[in-house]
Amino acid sequence: MPKEDKPHAALLASPGMGHLIPIMELGKRMVTHHDFHVTIFFIASDHASATSLLKSSTLENLDIIALPSVDISGLVDPDAQLVAKLFLIMRESLPSLRSSIGAMKFRPSALIVDLFGADAFEAAEEFGMLKYVFNTSNAWCLAVMFHSARIDDKFILEDHVKGQNSLEIPGCKSLSFRDTLESLRNINRIDLPEFRGDKMTNSHGILINTWEDLESSTIEALRDNNLLGTILKVPIYPIGPLVRQDGNQVLDRQVKLWLDKQPIESVVYVSFGSGGTLSAKQMTELAWGLEQSQQKFVWVVRPPSNNALGTYFTISEDNVDGTPDYLPHGFFTRTKDIGLVIPMWVPQEQILSHPSVGGFLTHCGWNSTLESIMNGVPLIAWPLYAEQKMNAAMLNEDFEIAVRPTVSKTEEIVGRYEIEKMVRTIMVDKEGQAIKIRVKELKNSAEKALNKGGSSFNSLSQVARDCMFHHPP
């Protein structure tokens, strides 16, 4: 229960582990480093990973409240874009949020929402709370979102989408059509002013899960009134990298024993996040590529789907060695000395922090990207959806800590020889050694930003001070 002698902040998370994890980590950091009481609101879900994450926190001054799940089936087309569904879920959850805050004896002085929760500012205003947005992705993504909001949709459609020309972002890296956001690619079918920053400017500031040294020019452009600052009009607070660090999560005994036997930095970890899936044909190519690379691997495998978002919200075997029918016949037997296949889920932070792991083949979700950097692990960038292609471009072109595949233009498949080449580049080749040095430099930079007196620590301290001296009526 909140106490009168502590500042109290409420955090609201939208559905999806990519949103919930950074909200949880922000809440924990506010409690442990800035002496807050924090209440986290989330939309009830039967997602096993979400349930496990929420149960793992035992901090004294951190409360977690589940808002009732909402049924939007009669309010949106089943084929609607994911972002549209998320905004609708958050909007329909407002009555429950308002009721929960109203029932508190000591109400929060601030409400912090992610990109999909800005409708909740209505409730914050009713209760006299400060209003903040937490952009759980990077500064470049935020810059693209705000800049595209002031450009005519017809120009984006004709020049960027149909013409496939790069979108110039003032003071920032330009956005190639190859890496563009899905919301821009489908701009003629999506009408979501909320997603393009309109409501975020009605806040007391925007927190970003990045740090000054990682994206210095982009952050400067967001603040500069001659560039993007004139659009945002609110303070920018880089407070990252906030990644999951949960000592309560433990590796399966078999997985740990296998990793313990491997040489230092000899294993490539393969995972496409909590919701990403591949087609059956792509799964086959990935399996052959890993096998042909002859490098050690741990692969978190999900059954194939033609929809990359296959498990965002929520197997048969025909081989004598137990290989699932969507992997090459005899794959388990042929790779038994070099690989370990894990079904569905693994505590990723425990894998990436293991000394034997030296590479990460990832979908480039921002949480996974930051976890890899914080553990000094080079990446193979394999983006699937949302802003992941933008993340991959930064990792490969700007930070130079990742390799990226060449995709067949006719089939959109990454071939087995390309996969083999990427794995060997990261794990064996001279280029991979240079990448390892750079990612470890970024790790040191991130740790410095988070430490007391660092840029991210100071940034969150400023938000904490503003909340501390604000007293709701």
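The shown structure was predicted, so the numbers you read here are calculated from the model rather than taken from an experiment. (Residues numbered from 1 in each chain as written. Predicted model: local features only at pLDDT ≥ 70, side-chain atom pairs only at ≥ 80, totals over all residues. Heavy atoms only, no water.)

It is worth spelling out unusual backbone geometry at this point. The omega angle of the peptide bond from glycine 240 to proline 241 is 5 degrees, so this bond is cis rather than trans. Topologically, proline 241 is positioned in the loop between strand S7 (236–238) and helix H11 (253–260). Here the phi dihedral of alanine 386 falls at roughly 55 degrees; this positive angle occurs in a residue that is not glycine. Tracing the backbone through its elements, the reader meets alanine 386 in the loop between strand S12 (379–381) and helix H16 (388–398). By relative accessible area, which is 32% here, alanine 386 ends up partly exposed. (Helix = DSSP H or I, 4+ residues; strand = E, 2+ residues; numbered from the N terminus. Buried < 20%, exposed > 50% of the residue type's maximum accessible area, 1.4 Å probe, protein only.)

The subject of this paragraph is the nonpolar core. Leu26, Ile206, Leu286 and Trp299 are the most contacted members of the largest nonpolar core, which totals 152 residues. Looking at which element gives the most residues to this core, the answer is helix H6 (residues 139–149), with eight residues. Other than its neighbours up to four places away in sequence, isoleucine 206 contacts Val133, Asn135, Leu142, Phe146, Met200, Leu232, Val234, Pro235, Ile236 and Tyr237. (Core = buried A, V, L, I, M, F, W, Y, C linked by side-chain atoms within 4.5 Å. Contact = heavy atoms within 4.5 Å.)

Among the six residues in strand S11 (residues 357–362), six count as buried, and that is most of the element. By the bridge criterion, five bridges tie strand S8 (residues 267–271) to S11 in an arrangement that is parallel. Following the sheet pairing, valine 267 is matched in S11 by valine 357. Bridging between S11 and S12 involves three bridges; their strand directions are parallel. Bridge pairing in S12 places leucine 361 opposite isoleucine 380. In this fold, S11 hands off to helix H15 (residues 366–374), which returns the chain to S12; that crossover is right-handed. (Pairing = 2+ DSSP bridges. Right-handed = clockwise from strand over helix to strand, strands pointing away.)

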